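The residues making up each chain are set out below.
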Amino acid sequence: MAYEINQALPASFGGLKSRESNISGLGSHVRRVLASFLPRYGLLIAFLVLWQVSSTRGWVNPAVFPPLNVILSALWTNLANGALLDDIAISLQRAGTAFAFSVVMGIPLGLFMGQFRMVEQALDPILQLFRQTSALALYPVFILLLGLGETSKIFVIFWATLFPVLLSTISGVKEVDKKLIEMARTYGAGPLTIFRRVILPASVPAIFVGLRLSATTALLLLIAAEMIGANKGIGFQVMNAQYNFQIPLMFAAILLLAFLGLAANALLVLLQRRLCRWSQPSA
């Protein structure tokens, strides 16, 4: 009997040590996750917790700043019953069309202007004049020229989103290392090969910076465009909820816009990482 107990003790101690090792490994993994998560999102979490607590305890007026659970409930309810789905589709169509036009026009024009200094010098003054003119200030002009329909809304978003893409593309082309171009010429590469193998790949990171700025601008201008003369869209829902004092729905629409902006930015970042693997720092 004593022999059997002595034989069982090492096995039990081994199992205990194994469990302690697993618990220790899990604890170290949790600490690593928290160490990478909290510095990035800790302040945001603290802000959201403060909002929830201050609203539920009456530190701020809950009629003006509803608790986050009330806002999320309003968002879920209006998504579930389809009230916001049509507005999301219409808003994405407007912003997406304007963004696509800005990409199709801005990138080729930026690549062309960045390579030919005389063209850039000739066009830069008028581009700077247009860029410094607020798109919202020109919106009444667009309405007079294009009417109060979809065309004016898309065009004002296109006007605001064109310049980030265009100027970032020009900057990316101009910042290409001249030694790379000279080396390519030394090896007998022609102008088309240099553009395709050297200039264009080296400009892609700067182009994506412009695309991310343009996507953010598209959503900002979308709200302003839909607040004037629209009867559908997320921006219209923000104004309509405010007029009818549906404050949770108003904040829900604003929160939805923030989610769309984060999703667009994440999609562009993912696309940039896949297209520019050579520019990513090695692990």
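Residues numbered from 1 in each chain as written. Predicted model: local features only at pLDDT ≥ 70, side-chain atom pairs only at ≥ 80, totals over all residues. Heavy atoms only, no water.

Turning our attention to helix α4 (residues 117-132). Between its terminal C-alpha atoms α4 stretches 22 Å, which fits the 22 Å expected from 16 residues at 1.5 Å a residue. Of all the bends in α4, the largest measures some 40° and sits at D124, one to four residues before the proline P125. (Helix = DSSP H or I, 4+ residues; strand = E, 2+ residues; numbered from the N terminus. Expected span 1.5 Å × (residues − 1). Bend = angle between axes of the 7 residues up to and from the residue.)

The positions UniProt marks with the feature "transmembrane region" (unreviewed entry) are residues 33-51, 58-76, 96-114, 126-148, 154-173, 194-225 and 245-271. Between the C-alpha atoms that bound residues 126-148 the distance is 27 Å, and the span itself is 83% helix and 0% strand. Between the first and last C-alpha atoms of residues 245-271 the distance is 40 Å; the span itself is 93% helix and 0% strand. (UniProt positions renumbered as here; feature names shortened; annotations may be inferred.)

The next point concerns the packing of helix α3 (residues 85-115) against helix α8 (residues 191-226). The geometry of α3 relative to α8 is characterised by a closest axis approach of 9 Å and an angle of 145° between their N-to-C directions. Note on packing geometry: the crossing formed by α3 with α8 is right-handed. For the pair α3 and α8, the contacting residues are S91, R94, A95, F99, S102, V103, I107, L111 and Q115 in the first and F195, I199, L200, I207, L211, S214, A215, A218, L222 and E226 in the second. Taken together, the residues of the contact of α3 with α8 sort by class into 13 nonpolar, four polar and two charged. (Axes fitted to C-alpha atoms, helices over the stretch in contact; angles between N-to-C directions. Left-handed = near helix turned anticlockwise from the far one by under 90°. Contact = heavy atoms within 4.5 Å. Nonpolar A, V, L, I, M, F, W, Y, C, P; charged D, E, K, R; others polar.)

On to the packing of aromatic side chains, then. For the coordinates displayed, the defined rule picks out 11 aromatic pairs. Ring centres of F47 and W51 lie 5.9 Å apart, and the angle between their planes is 70°; on these two criteria the pair is classed as edge-to-face. Note that F47 and W51 are positioned in helix α1 (residues 2-56) at a spacing of four residues, about one turn of the helix. Overall, the relative accessible area of 48% leaves F47 in the partly exposed class. Here F142 and F155 contribute two aromatic rings whose centre-to-centre distance is 4.9 Å and whose plane-to-plane angle is 80°, an arrangement assigned as edge-to-face. In this pair, F142 sits in helix α5 (residues 135-146) while F155 sits in helix α6 (residues 150-174), placing the two residues 13 residues apart along the sequence. Judged by relative accessible area, which is 7%, F142 ranks as buried. Taken together, the ring pairs in this structure connect F130, F142, F155, F158, W159 and F163 into an aromatic cluster. (Phe/Tyr/Trp six-rings, centres within 6.5 Å; stacked < 30°, edge-to-face > 60°. Buried < 20%, exposed > 50% of the residue type's maximum accessible area, 1.4 Å probe, protein only.)

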